[in-house]
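Residue-level structural notes
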Amino acid sequence: MDNPLLDLSGLPRFDRIRAEHVVDAIERVLSENRITIGQLLAETRAFSWETLVEPLEDLADRINRVWSPVAHLNAVVNSEALRDAYLACLPELSAYATELGQNVSLYRAYLALAESPEYERMQPAQRKAIDNALRDFRLSGVALSDEDKARYREVVQELATLTAKFQQNLLDATDAWTHLIDDERRLAGLPPAARALARDAAARHGDQGWLITLEFPSYTAVMTHADDRELRREVYTAYVTRASDEGPHAGKYDNTPIMERILALRHEEARLLGFANYAERSLATKMASDTRQVIEFLRDLARRSLPVARTDLAELQAYARDHHGLGELEAWDVAYCSEKLREYRYAISQEALKAYFPVDRVLTGMFGVITRLYGMQVVERNDISSWHPQVRFFEVSDSNGVLRGQFYLDLYARANKRGGAWMDECIVRKRRGQRVQTPVAYLTCNFTPPVGGDPALLTHQEVLTLFHEFGHGLHHMLTQVDQLSVSGIQGVAWDAVELPSQFMENWCWQRETLPLISGHYQGGVPLPEDLFERLLEARNFQSGMQTVRQLEFALFDFRLHLEYDPGVGAHIYPLLEEVRREVAVLHPPSFNRFPHSFAHIFAGGYAAGYYSYKWAEVLASDAFSLFEEKGIFDMETGLKFLNTVLEQGGSRDAMELFIDFRGREPQIDALLRHSGLAA
Ligand SMILES: [Zn+2]
């Protein structure tokens, strides 16, 4: 009985989690949950918040308390045994979720509660939790006829298989191509770190020399830095034709039929659920109100950024011609010449900047920012064990000394840790009587670890990443919502969830913040004025071109799902051409098969939702603009953001919360100004 995975009394005991216990522990929680749900439905007569929603939230909480530490360890201290156990649990968890979503008795119980007099007397957060639950039941097909329900399950299952297959083809195609270089002169232009990466890759394959692969760090290093134009062309061609009918492995891992089938099935799923198309289905859980609003949003932004994008491109072409003798700017020259132009124009090196951002200085400064904005204090604790000696643990308390949240901070890259940066929930806030369950977050980054006796030094880009993830963490930790399913980031619309994170990034660009977050690691002098000026100038380098590229992806994704016609199929490439004619300034060569590797929409959660990135940027910029008006450390404005957005979590609609804070609906002006796109 002594299973540490089921110790729900406090912080997870990471040191006691064993891969061989994981499957058992999950199966036990799921089967106990099933029994509890059965009893609840059999024994309860009149359902109330306390007899229905609270017990179900507790069951969801139990799963999270057991699963979250396992999933987290799988990501940050991966081992084969743990990965096997993790993968073995996934089908069990998804079967449980489907079962719950299609449980008609449970659905009727929620429906009865929503129609009872009690519902009218509930707090808004409780009503929102019930509304969300009803919506999710319907999106799981609970209200369909038995025949449609069966078909729905088939569709969802086939989609799961196909999206996994899409991802697998992409991975296989990525791994299938390599290029071994034995003459280092061909690597001219590549920074030492990229060369070391290529040397390691060759050694792993048992080869001498340098191995160029299609993994992103290798690909991007060549495209950005390699002076050898032919090498760039080769790598570009292999990369943009992965998993398609073109390029060096044409037809071998071809995603074409899979993409067609995915779009057809998504359309069918949407129609079964009563939507006109999958774009409508996607918006059912988002802040945007209808498909027209999304299309207009993207087109409006395109109209405003195209003139700047055209200027960006003309400048790049002129520079490439005058400084590199490239009369015709090819697709494989764009990143390379852009990087050269950036260096030429701003003479700014991330290496020189790093000396001003030692990690402890940045952390102290970042915590100081939230003390000034929200009156919160962050204190480190050294008596909490975790999964690795590098991991630190902090507590956030408010101005009354009340503990609001706790977080693990895992900053550095190491072997067996997944790349990238993210925030995840360890424990979610809820209240049961007098007892509040304190929220706990994982903040994970992959910064370069400290070398020798020097502290770890961050690039400005890494400082931005840290602020971004801390913003997500604050959304999770500072919530005051007592109902688990809408507290913190729970229940927040997908296209609004990046608001608190992108919002936090703004403080990294403020002159007033620099004395807080920067200080040379030798001597402590803050970032000098002239360096900061150049950093600011470089901030919006090519922002027109970058914006229209994002809009091209977003508009393509959205129209692909909106305009799908079962009679004619998806028309993927003709549509992409149409979108490019409307919003693009760069037109890739005809062999480019970018959609075949667009995993965000074919294998990830961004289908008919890629627009969310830009959408949330508008919210974040517009929210920050109130601080520009009132003072970037104006505490009254800070507390208003805390009370109307961060503390509210998913307890009310994102638009309502935004209006509460800003006093009006979001406007695009601040984003245009911050991105250098304002007319
Ligand atoms: Zn984010």
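See the structure shown above.
All of these numbers come straight from a predicted model, not from anything done at the bench. (Residues numbered from 1 in each chain as written. Predicted model: local features only at pLDDT ≥ 70, side-chain atom pairs only at ≥ 80, totals over all residues. Heavy atoms only, no water.)

Counting its regular elements, the protein contains 27 helices and 9 strands. Against the compact-globule benchmark of 26 Å for 679 residues, the protein has a radius of gyration of 26 Å, which places it among compact chains. On the principal axes, the C-alpha backbone points of the protein span a range of 80 × 65 × 55 Å. When each of the 679 residues of the protein is scored for burial, the buried share is 53%. Taking all contacts inside the protein whose residues are at least 6 apart in sequence as the whole, residues at least 24 apart take part in 72%. Accessible area for the protein stands at about 29500 Å²; split by element, carbon and sulfur atoms hold 49% of it. Both charge centroids of the protein, one from 72 positive and one from 97 negative side chains, sit 1 Å from each other. (Helix = DSSP H or I, 4+ residues; strand = E, 2+ residues; numbered from the N terminus. Rg over C-alpha atoms; globule rule 2.2 N^0.38 Å. Buried < 20%, exposed > 50% of the residue type's maximum accessible area, 1.4 Å probe, protein only. Contact = heavy atoms within 4.5 Å. Areas by Shrake-Rupley, 256 points an atom, 1.4 Å probe, with all protein chains shown as cover. Lys, Arg positive; Asp, Glu negative; His and termini not counted. Charge placed at Lys NZ, Arg CZ, Asp CG, Glu CD.)

This brings us to the packing of aromatic side chains. For any pair of aromatic rings, the description consists of the separation of the ring centres together with the inter-plane angle of the planes. A complete count under the given rule lists 43 aromatic pairs for this structure. Between the aromatic rings of Phe553 and Phe598, the centroid separation amounts to 5.7 Å while the plane-to-plane angle is 50°, which identifies the pairing as tilted. On the criterion of sequence distance, the pair formed by Phe553 in helix H21 (residues 543–562) and Phe598 in the loop between helix H22 (572–583) and helix H23 (599–602) is long-range, its members being 45 residues apart. The pair Phe553 / Phe598 is uniform in exposure class, with both members buried. Ring geometry for Phe598 and Tyr610: centres 5.3 Å apart, planes at 70°, overall edge-to-face. (Phe/Tyr/Trp six-rings, centres within 6.5 Å; stacked < 30°, edge-to-face > 60°.)

One non-glycine residue, Ala347, lies in positive phi territory at about 40°. With respect to the helices and strands, Ala347 occurs in the loop between helix H14 (334–346) and helix H15 (350–354). The phi angle at Gln542 is positive, at roughly 55°, despite the residue not being glycine. Tracing the backbone through its elements, the reader meets Gln542 in the loop between helix H20 (529–539) and H21. The class for Gln542 is buried, based on a relative accessible area of 10%.

Let us now look at the coordination of the zinc ion. Coordination of the zinc ion by the protein comes from His468 (NE2), His472 (NE2), Glu498 (OE) and Glu498 (OE), over a distance range of 2.1 to 2.8 Å. Spacing between the donor residues of the zinc ion along their common chain follows H-x3-H-x25-E. With His468 and His472 both in helix H17 (residues 460–477) and 4 residues apart, the pair spans about one turn of that helix. Neither residue differs from the other here; His468 and His472 are each classed as buried. (Donors = N, O, S within 2.8 Å, 3.2 Å for Na, K, Ca; no water.)

Let us now look at the sheet that holds strand E4 (residues 392–397). Spatially, the 5 strands line up as an open sheet ordered E3-E4-E5-E9-E6, and their pairing is mixed. Looking at strand neighbours, the two that pair on one side only are strand E3 (377–381) and strand E6 (422–427), the edges of this open sheet. The sheet shows a mean angle of 25° between the axes of neighbouring strands, direction not considered. By the bridge criterion, 6 bridges tie strand E5 (residues 403–412) to strand E9 (residues 440–447) in an arrangement that is parallel. Residue pairing across strands places Leu409 opposite Leu443, the latter belonging to E9. Docked against the sheet, helix H16 (residues 359–374) engages E3, E4 and E5, running at close to 155° with respect to E5. Where H17 meets the sheet, it contacts E4, E5, E6 and E9, and its direction lies at approximately 170° from that of E9. (Pairing = 2+ DSSP bridges. Axes fitted to C-alpha atoms, helices over the stretch in contact; angles between N-to-C directions.)

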